[in-house]
Amino acid sequence: MSHRRGSRARLSISWRGYQALCEANRSAYVQYVEQRITDWAEARRCVDAVLEALDHRWTVVLSSQCPAARIWTDLRAEAARRTPRTCSRAVRLHAILSPAQADIVILHHDLGLSVERAAHLMGMTEPIAHALLRGAERELGTSFDG
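Residue numbers restart at each chain and count upward from 1, following the sequence in its written direction. The model is predicted, so local features are restricted to residues of pLDDT at least 70 and side-chain atom pairs to those at 80 or more, both for listing and for counting; the totals for chains, interfaces and linings are taken over all residues. Excluded from the side-chain calculation are hydrogens and water; included are all heavy atoms of the structure.

### Section: the overall build of the chain
Across its full length, the chain carries eight helices and zero strands. Note on classification: 1.4 Å probe, protein chains only; a residue is buried when its accessible area is under 20% of the maximum for its type, exposed when over 50%, partly exposed between these limits. Expressed as a percentage of its 146 residues, the buried residues of the chain come to 38%. We call two residues contacting when some pair of their heavy atoms lies within 4.5 Å. If you take every contact in the chain between residues at least 6 apart in sequence, the share linking residues at least 24 apart comes to 60%. Counting every atom, the chain has about 8300 Å² of accessible surface; 54% of that belongs to carbon and sulfur. In this text, helices come from DSSP runs of H or I with a minimum length of four residues, and strands from runs of E with a minimum of two, each type numbered from the N-terminal end. Every accessible area reported is derived by Shrake-Rupley at a probe size of 1.4 Å, with residue values counting cover from the shown protein chains alone.

The following block contains the structure:
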């Protein structure tokens, strides 16, 4: 009986973690996807679809090496699937740079998130995010400082 109570308590904590993640990151996720899709309503639907799918496999995602990176990979893939064939800046960045470089440029430069916050959303360390930005600067021949 106490085993059942312990399992329920772990599930409750896990569920609260899922809800906290959604609350903390939903806005940034929608802003990122909107840069790619250029339609706010469709961006919200995209994020909702990713988070709903995540809801059904949250415990599996939590047991992965880096849950934030797993979520970001799913979000990037769904956004790419829904991205229209337009010439938005995000589409151009994804055509030129690696997916991670394009994403860090969008989050940090275009959306104005700190490198630390962008790295957290993408499930990577801050030094890796800085390295991706420097690589993007070299590829694009521009600086993203200031």
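### Digging into the pattern of salt bridges
Oppositely charged side chains may form a pair once their charged atoms are brought near each other. Every case where a carboxyl oxygen of Asp or Glu lies within 4 Å of a side-chain nitrogen of Lys or Arg is listed as a salt bridge. Counted according to the given criterion, the structure contains ten salt bridges. Among the ionic pairs, Arg45 bridges to Glu42, the shortest N-O distance being 2.9 Å. Taken together, the positions of Arg45 and Glu42, both in helix α2 (residues 40-56) and three residues apart, correspond to about one turn of that helix. Given the relative accessible area of 45%, Arg45 is considered partly exposed. Note that Asp74 and Arg57 form a salt bridge whose closest N and O atoms lie 2.3 Å from each other. Here Asp74, found in helix α4 (residues 67-82), pairs with Arg57, found in the loop between α2 and α3 (58-62); they are 17 residues apart in sequence, far enough to count as distant.

### Here we look at the packing of aromatic side chains
Aromatic pairing here means that ring centres of Phe, Tyr or Trp (its six-membered ring) are within 6.5 Å. Orientation follows from the plane angle: under 30 degrees is stacked, over 60 is edge-to-face, and everything else is tilted. A full pass over the atoms with the stated rule returns three aromatic pairs. Where Tyr18 meets Trp58, the ring centres are 5.5 Å apart and the plane angle is 65 degrees; that geometry is what we call edge-to-face. Of this pair, Tyr18 sits in helix α1 (residues 2-37) while Trp58 sits in helix α3, placing them 40 residues apart in sequence. Each of the two residues, Tyr18 as well as Trp58, counts as buried. Between the aromatic rings of Tyr29 and Trp72, the centroid separation amounts to 6.1 Å while the plane-to-plane angle is 55 degrees, which identifies the pairing as tilted. Taken together, the residues span a long stretch of sequence, with Tyr29 in helix α1 and Trp72 in helix α4 at a distance of 43 residues. Note on accessibility: Tyr29 and Trp72 belong to one class, buried.

### Quick look at the environment of Arg92
Examined against the element boundaries, Arg92 turns out to sit in helix α5 (residues 89-96). Spatially, the C-alpha atoms of Arg92 and Ala102 are 9.0 Å apart, while their sequence positions differ by ten residues.

### Some thoughts on the packing of helix α6 (residues 99-110) against helix α7 (residues 115-122)
Across the interface, α6 lies against α7 with an axial gap of 9 Å and an inter-helix angle of 135 degrees. Between α6 and α7, the interaxial angle falls into the category oblique. Between α6 and α7 the crossing geometry is right-handed. Where α6 abuts α7, its residues Ala100, Asp103, Ile104, Leu107 and His108 lie against Val115, Ala118, Ala119, Leu121 and Met122. Throughout, an axis means a line fitted to C-alpha atoms (over the contacting stretch in the case of helices), and angles, computed between N-to-C directions, take values from 0 to 180 degrees. Here the word oblique covers every angle except those under 35 degrees (roughly parallel), over 145 (roughly antiparallel) and from 65 to 115 (roughly perpendicular). Should the near helix be turned counterclockwise from the far one by less than a right angle, the crossing is left-handed, whereas a clockwise turn marks it as right-handed.

### A look at the side chain of Glu78
Turning to its location among the elements, Glu78 is positioned in helix α4. Glu78 sits in the buried class, given a relative accessible area of 15%. Filtering out sequence-adjacent residues up to four positions away, Glu78 remains in contact with Cys46 and Val50.

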